[in-house]
Amino acid sequence: MGRSQAYGAPAMTDAYLDWARGFHGHAFRRRSAERNAAFLLPRLEAGQRVVDIGCGPGAITAGLAQRVAPGPVIGIDRDAAYVAAATGQHRLPNLRFEEGDAASLPIADDAVDVAFLHFVLQHVDSPAAVLREVRRVVRPGGLVAVADADLEGFLIHPRSAALDAALLLDGRTRRNPQLGRQLPQLLTEAGFDAVEFSVVPNVAIGDAVAAVSASTTARLEAPAFMDHAVAQGWSTESDL
């Protein structure tokens, strides 16, 4: 949710943004190139120029920079707090972070070899517009790697009516909750060819359901989230 404002969502209060960074930031910092960009790593080579769009606090970006060194890597995010945190934490000679919008990248035409977008397009106003901008900055013959979610692919057992309702609300917090299945068409329409597509289900069974429920409960009970959800029309206070 921190990135939904970063890419054109309705205005959010400082209280909500601060809460979102704290609530989601620890999970963002646990991400890594080895885990979250594993499908891209075999295609990376030393010297490539890489952009990580929607980089957040930069955990994945730093791993990409290590893989392509001495090739330059730039992480771009609209959230100035994430950019500052990434700049302070990840200090590599071939890595920098910059504030910017995914739909208007501060990068010249054909300037990068590889673009990476991790769970960004589900939050933007226009995934098609972002991918057209990506097409502009990636050189002919370059590579674009996109990982994103499709909430209908979240397999949970056992389920409850309350958890189902909470997950339905989670879909409302994202502009494009079924974005995953649309990726091949979106990439083709943006001018990319040789599109490779795969699906990895998100599964929570047994004890893992308790973790999902606990995280969801913590979010629903947070005053900043409740106020924002009601203001956005996602839910009512009584339903929450």
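Summarised in this report is the structure supplied together with it.

Calculation criteria
Sequence order sets the numbering: in each chain, residues are counted from 1 along the sequence as written. Only residues with pLDDT of at least 70 are given local features in this predicted model, and only at 80 or more are side-chain atom pairs given and counted; all residues enter the totals for whole chains, interfaces and linings. Calculated side-chain values reflect all of the structure's heavy atoms, with hydrogen atoms and water omitted. Note on conventions: DSSP H or I runs of at least 4 residues are helices, E runs of at least 2 residues are strands, and numbering of each starts at the N terminus. We call a residue buried when its accessible area falls under 20% of the maximum for its residue type, exposed when it is over 50%, and partly exposed in between, using a 1.4 Å probe and counting protein chains only. Throughout, a residue-residue contact means that at least one pair of heavy atoms, one from each residue, lies within 4.5 Å. Note on areas: these come from Shrake-Rupley sampling with a 1.4 Å probe, and a residue is covered only by the protein chains present in the view. When charges are counted, Lys and Arg contribute as positive and Asp and Glu as negative, whereas His and the chain ends are disregarded. For the purpose of locating charges, the reference atoms are NZ of Lys, CZ of Arg, CG of Asp and CD of Glu. Whether two strands pair comes down to DSSP finding at least two bridges between them. Helix axes are fitted only over the stretch in contact, all axes being lines through C-alpha atoms; the angle between N-to-C directions runs from 0 to 180 degrees. Relevant arc is that of directions from the helix axis to the C-beta atoms, nothing else. Here roughly perpendicular refers to angles of 65 to 115 degrees, roughly parallel to angles under 35, roughly antiparallel to angles over 145, and oblique to all remaining angles. The residue classification treats Ala, Val, Leu, Ile, Met, Phe, Trp, Tyr, Cys and Pro as nonpolar and Asp, Glu, Lys and Arg as charged. All others, Gly included, are polar.

1. Some points on the overall build of the protein chain
- Helix and strand content of the protein chain: 10 helices and seven strands.
- Out of the 240 residues belonging to the protein chain, those deemed buried represent 49%.
- Taking contacts inside the protein chain between residues at least 6 apart in sequence as the whole, the part at least 24 apart equals 70%.
- Split by element, the accessible area of the protein chain, about 11,700 Å² in all, is 53% carbon and sulfur.
- One way to put it: in the protein chain the 22 positive side-chain charges average out to a point 4 Å from where the 28 negative ones average out.

2. A short note on helix α4 (residues 59-68)
- The element α4 is largely enclosed, with a buried count of eight among its 10 residues.
- All of the buried residues in α4 are A59, I60, T61, A62, G63, L64, A65 and V68.
- Residues of α4 that are buried in the fold lie against α2 (14-30), α3 (33-36), β1 (50-53), β2 (73-77), β3 (95-99) and β4 (112-118).

3. Section: the environment of A27
- Among the secondary structure elements, A27 is positioned in helix α2.
- With 110 residues separating them in the primary sequence, A27 and V137 have C-alpha atoms 29 Å apart.

4. Examining the sheet that holds β2
- If you walk across this open sheet you meet the five strands as β3-β2-β1-β4-β5, and the pairing is parallel. With one partner strand each, in any of the chains shown, β3 and β5 (138-147) form the two edges of the open sheet. Here the average twist between neighbouring strands, direction ignored, is 20°.
- The pairing of β1 with β2 spans four bridges and is parallel. Each residue of the ladder has a partner; that of V50, found in β2, is V73.
- Strands β1, β2, β3 and β4 of the sheet are contacted by α4, whose axis makes an angle of about 165° with β2.

5. So, the side chain of Q122
- Along the chain, Q122 falls in the loop between β4 and α6 (127-137).
- Relative accessible area serves as the criterion here: at 1%, Q122 is assigned to the buried category.
- The contacts of Q122, once residues within four sequence positions are left out, are D148, A149, R174, R175, N176 and L179.

6. Observations concerning α6
- Looking only at α6, the buried set comprises P127, V130, L131, E133, V134 and V137. Each buried residue of α6 lies within a common arc of 155° when the element is viewed along its axis, so the set occupies one face.
- Against the buried residues of α6 lie β1, β4, β5 and α8 (183-189).

7. What about the packing of α2 against helix α9 (residues 207-220)?
- Packing of α2 against α9 brings their axes to within 12 Å, and their N-to-C directions diverge by 170°. Here α9 runs roughly antiparallel to α2, going by the angle between their axes. Within the contact between the two elements, α2 uses W19, F23 and H24 and α9 uses S215, A218 and R219.
- In terms of residue class, the contact of α2 with α9 is built from three nonpolar, two polar and one charged.

Shape is all these values report; function is a separate question.
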